[in-house]
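Each chain is listed here by its residues.
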Amino acid sequence: MAAAITPARAGLDLLHNRLMISSKPPRGQTAYGPDMNRSTISRRNLLAVGAAGAGLALLPLAASAESDALVAQFTGGAPTREGPLRLEAPELAENGNSVSVTLDCPGAEAIRLYAPANPNPEVCTFHFGPLAGSQRATTRIRMAETMELIAVARMPDGGFIEARARVEVTAGGCVG
Amino acid sequence: MSDIDPRPRVRVPATAAPGEVVLIRTLVNHPMENGQRREADGSPVPRHIIHRFQCHFDAELVLDMAIEPSLAANPFIEFEAAVPHSGRFRFSWHDDNGAIYETAAEISIA
């Protein structure tokens, strides 16, 4: 995701810098005189904006490729299917240091949780034993920023179920 | 490392009907130092977390949880267990420093 953001941010910074510079007349010129730089700058600005746009357009694609790679760590690349996995998390979390998350998937052998935008995206994996009363567990996690959490459950038939939930984080956790 | 006072706490009902599913809540004190932070002088604070939690009923497994640094400090874990007969729940938290914090709770069939 960082790779996709970089051109966008760089483009916007460049645009910002250019505008700051162009508002100050170069030495030896008045603000009203002919400014040959201006047209050059605006063309560069255009390029910068274009790069930023391209970066933003790539963002969802890059993010989904990264989260797919995370999921593959658990599934070994096997496809995931729809199923009874529930990932319960607040829509809005004021404190990213502690966000309550519940995972529930009747019949699952194991459920893993990812917080993809954290420095350590893997959060935890629950393995349910023979005396588990349900395949449901709640814990509290750290979240660096607003993101979509991902849960993946491994079923006894070897299949995998995936669920996602977006959590808006007001103040990011000092984070895992 | 030795300054950790984990004080593991669990909430388990004292009694259950045979085969009943009971709710268990656990809490342990731990900073869950994730290895990302820095001291005031810029030196990194090394990772130091609880990386595994287990709950058994007598010899049988209820829950085995692998934990990474993204879990919040003072890990809270809530889950359910089936109680086939009177027995003893055993809980263990495994610290990066090799320590294992343990506690247990008896439950009897009413």
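Every value quoted in this text rests on a predicted model; they were computed, and no experiment measured them.

## Brief notes about the overall build of chain A
And step 1. Within chain A, the regular secondary structure consists of two helices and nine strands.
And step 2. Reading the helices (α) and strands (β) of chain A from amino to carboxyl end gives α-α-β-β-β-β-β-β-β-β-β.
And step 3. Taking all 176 residues of chain A together, the buried fraction comes to 32%.
And step 4. Long-range pairs, those at least 24 residues apart, make up 72% of the contacts in chain A between residues at least 6 apart in sequence.

## Some details on the sheet that holds strand E6 (residues 76-83) of chain B
And step 1. The strand order E2(A)-E4(A)-E7(A)-E6(B)-E3(B)-E1(B) describes an open sheet built from six strands, whose pairing is antiparallel. Each edge of the sheet is formed by a strand with only one pairing partner; in this case those strands are strand E2 (86-88) of chain A together with strand E1 (9-11) of chain B. In this sheet, adjacent strand axes meet at a mean angle of 20° when their direction is disregarded.
And step 2. When E1 of chain B meets strand E3 (residues 20-27) of chain B, the two strands line up antiparallel, connected through three bridges. Each residue of the ladder has a partner; that of Val10 of chain B, found in E3 of chain B, is Thr26 of chain B.

## Brief notes about the interface of chain B and chain A
And step 1. In this assembly, 27 residues from chain B lie in contact with 29 residues from chain A.
And step 2. Elements represented by at least two residues in the side of chain B that touches chain A include exactly E3, strand E5 (60-67) and E6 of chain B.
And step 3. Of all the elements, E5 of chain B adds the most residues to the side of chain B that touches chain A, at eight residues.
And step 4. Residue composition of the side of chain B that touches chain A, grouped by class: 18 nonpolar, three polar and six charged.
And step 5. Where strand E6 (residues 122-128) of chain A and E5 of chain B come together, five bridges link them in antiparallel fashion.

## Some words on the nonpolar core
And step 1. In terms of nonpolar packing, the biggest core is built from 61 residues, with Leu103, Met143, Leu149, Ala151 and Ala153 of chain A together with Leu63 and Ala81 of chain B touching the most fellow members.
And step 2. No other element matches the six residues that strand E8 (residues 147-154) of chain A contributes to this core.
And step 3. Ignoring sequence-local partners within four residues, the contact set of Ala151 of chain A consists of Leu85, Leu87, Leu103, Ile111, Leu113 and Ala163 of chain A.

## Let's talk about the domain arrangement of chain A
Reports often express the size of an interface as the amount of accessible area lost when the parts come together.
Residue and element names in this part refer to chain A.
And step 1. Domain assignment breaks chain A into domain 1 (2-75) and domain 2 (80-171).
And step 2. Opposite the six residues of domain 1 that make contact, domain 2 presents nine residues.
And step 3. Class assignment for the residues of the side of domain 1 that touches domain 2 results in three nonpolar, two polar and one charged.

## Considering the environment of Asp64 of chain B
And step 1. Note that Asp64 of chain B resides in strand E5.
And step 2. Beyond its immediate stretch of four places on either side in the chain, Asp64 of chain B contacts His127 and Gly129 of chain A together with Gln54 of chain B.

## A word on the confidence of the model for chain B
And step 1. Looking at chain B as a whole, its pLDDT mean stands at 96, while 98% of the residues score no less than 70.
And step 2. Both scores are given for the predicted complex: the pTM is 0.78, the ipTM 0.95.

## Topic: unusual backbone geometry
And step 1. In this structure, Arg7 of chain B is a non-glycine residue whose phi angle is positive, near 35°.
And step 2. Within the secondary structure, Arg7 of chain B sits in the segment before E1.

## Section: the pairing of strand E4 (residues 50-57) of chain B
Residue and element names in this part refer to chain B.
And step 1. Where E4 lies against strand E7 (residues 87-95), seven bridges are found, and the strand directions are antiparallel. Each residue of the ladder has a partner; that of Cys55, found in E7, is Phe91.
And step 2. Pairing analysis gives six bridges linking E4 to E5, with the strands arranged antiparallel. The partner of Phe57 across the bridge, within E5, is Glu60.
And step 3. Here E4 folds back onto E5, and the loop between the two strands holds two residues, one of which, Asp58, carries a positive phi near 50°.

Parameters at a glance
Residues numbered from 1 in each chain as written. Chains lettered and ligands numbered in written order. Predicted model: local features only at pLDDT ≥ 70, side-chain atom pairs only at ≥ 80, totals over all residues. Helix = DSSP H or I, 4+ residues; strand = E, 2+ residues; numbered from the N terminus. Buried ≥ 20, exposed ≤ 12 C-beta atoms within 10 Å, placed from the backbone. Contact = placed C-beta atoms within 7 Å. Pairing = 2+ DSSP bridges. Axes fitted to C-alpha atoms, helices over the stretch in contact; angles between N-to-C directions. Nonpolar A, V, L, I, M, F, W, Y, C, P; charged D, E, K, R; others polar. Core = buried A, V, L, I, M, F, W, Y, C linked by C-beta atoms within 7 Å. Domains from an automatic or database assignment. pLDDT = per-residue confidence, 0-100.

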